[in-house]
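Results of the structural survey
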Amino acid sequence: SQQGEEDPQALSIQEGENATMNCSYKTSINNLQWYRQNSGRGLVHLILIRSNEREKHSGRLRVTLDTSKKSSSLLITASRAADTASYFCATDEGNNRLAFGKGNQVVVIP
Amino acid sequence: EAQVTQNPRYLITVTGKKLTVTCSQNMNHEYMSWYRQDPGLGLRQIYYSMNVEVTDKGDVPEGYKVSRKEKRNFPLILESPSPNQTSLYFCASSQNPLYGYTFGSGTRLTVV
């Protein structure tokens, strides 16, 4: 079932700015994951946050999770042209299945 | 190199002609899954497998079959393809879903 819903669905920013995307979901989860997809290519796993975690960092990525609001955010700091991609959140409800959102398209203008 | 390999990358076929999209991973992963991606709908899970001979339906299994006879391979079979199965298909694998999945490069299928 479709779980995550990303917001905004399209984002255009200047290189060097920060990009923030949000994801909302409906049911209880074990963890939430973020993936990146460059145009027409496979998805790349970026970061995973467990349901008992509130914030996680990986390089220029920062993910937060608010289980009371059933929402997560992905922040990309100091964006680069190479960050231009679609970003998907995916929720793991504990049944070995991932439910993906529709995705966020991010364009970083050099 | 650790990877998930799908073949073919592109396929145009006619309605009703049986086809198989292969997926192979070299990481000894137990979990494998198939997704289709359509504009405006994101990724939807077709089938998944937790180990050899263990498969289960995802959200959109109609019109598809899978098998998992060996750990490394997880082919997707369309017995009688229809135009509404025109889509971008991804195979993914994981040793432990708690650590995320590795995706293949995708197969763009067009059924005319």
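Residues numbered from 1 in each chain as written. Chains lettered and ligands numbered in written order. Predicted model: local features only at pLDDT ≥ 70, side-chain atom pairs only at ≥ 80, totals over all residues. Heavy atoms only, no water.

Structural notes on the nonpolar core
To keep things clear, this is the line we draw: We define the nonpolar core as a collection of buried residues of types Ala, Val, Leu, Ile, Met, Phe, Trp, Tyr and Cys that are connected through side-chain atoms lying within 4.5 Å of one another. For each residue, the accessible area found with a 1.4 Å probe, counting protein chains only, is set against the maximum for its type, and the residue is called buried under 20%, exposed over 50%, and partly exposed in between. Going along the chain from the N terminus, every DSSP run of H or I of four or more residues is numbered as a helix, and every run of E of two or more is numbered as a strand. For this analysis, residues touch if any pair of their heavy atoms sits within 4.5 Å.
Ranked by internal contacts, the top residues of the largest apolar core, which has 21 residues, are Met21(A), Leu32(A), Trp34(A), Leu74(A) and Tyr87(A). Within the residue set of this core, elements represented by two or more residues are β3 (19-24), β4 (31-37), β5 (43-50), β7 (61-66), β8 (71-76), β9 (85-92) and β11 (104-109) of chain A. Excluding residues within four positions of it along the chain, Leu74(A) makes contact with Ala19(A), Thr20(A), Met21(A), Trp34(A), Leu61(A), Arg62(A), Val63(A) and Tyr87(A). Val21(B), Val60(B), Val66(B) and Leu109(B) belong to the second largest nonpolar core, which has 18 residues in total.

Observations concerning the sheet that holds strand β8 (residues 76-78) of chain B
Residue and element names in this part refer to chain B. Under the convention used in this document: Note: two strands are recorded as paired if DSSP finds a minimum of 2 bridges between them.
Pairing is antiparallel in the open sheet, where four strands are placed in the order β1-β3-β8-β7. Edge strands, defined here as strands with exactly one partner in the open sheet, are β1 (4-7) and β7 (65-66). Pairing of β1 with strand β3 (residues 19-25), which is carried by four bridges, proceeds in the antiparallel orientation. When the sheet's bridge partners are listed, Gln6 is paired in β3 with Cys23.

Considerations on the interface of chain B and chain A
For clarity, the cut-off: Note on terms: buried area is the combined drop in 1.4 Å-probe accessible area of two parts once they are placed together, counting the loss on both. The salt bridge criterion pairs a side-chain nitrogen of Lys or Arg with a carboxyl oxygen of Asp or Glu, the two atoms within 4 Å. We define a polar contact as two N or O atoms separated by no more than 3.5 Å, with the added condition that, inside protein, one atom must be a possible hydrogen donor and the other a possible acceptor, whereas residues neighbouring each other in sequence contribute only through side-chain atom pairs. Under this grouping Gly is polar, as are all residues other than the nonpolar Ala, Val, Leu, Ile, Met, Phe, Trp, Tyr, Cys and Pro and the charged Asp, Glu, Lys and Arg.
Listed by partner, the interface residues are 24 residues for chain B and 22 residues for chain A. Together chain B and chain A conceal approximately 1800 Å² of surface at their shared face, both sides included; 49% is due to carbon and sulfur atoms. In this assembly, chain B and chain A are joined by zero salt bridges. For the pair chain B and chain A, the number of links is three residue pairs in polar contact (both at pLDDT 80 or more). Of all elements in the fold, only β4 (31-38), β5 (42-51) and β9 (87-94) of chain B reach the threshold of two or more residues within the side of chain B that touches chain A. Element by element, the count of residues in the side of chain B that touches chain A is highest for β5(B), at six residues. Here the residues of the side of chain B that touches chain A sort into 13 nonpolar, eight polar and three charged.

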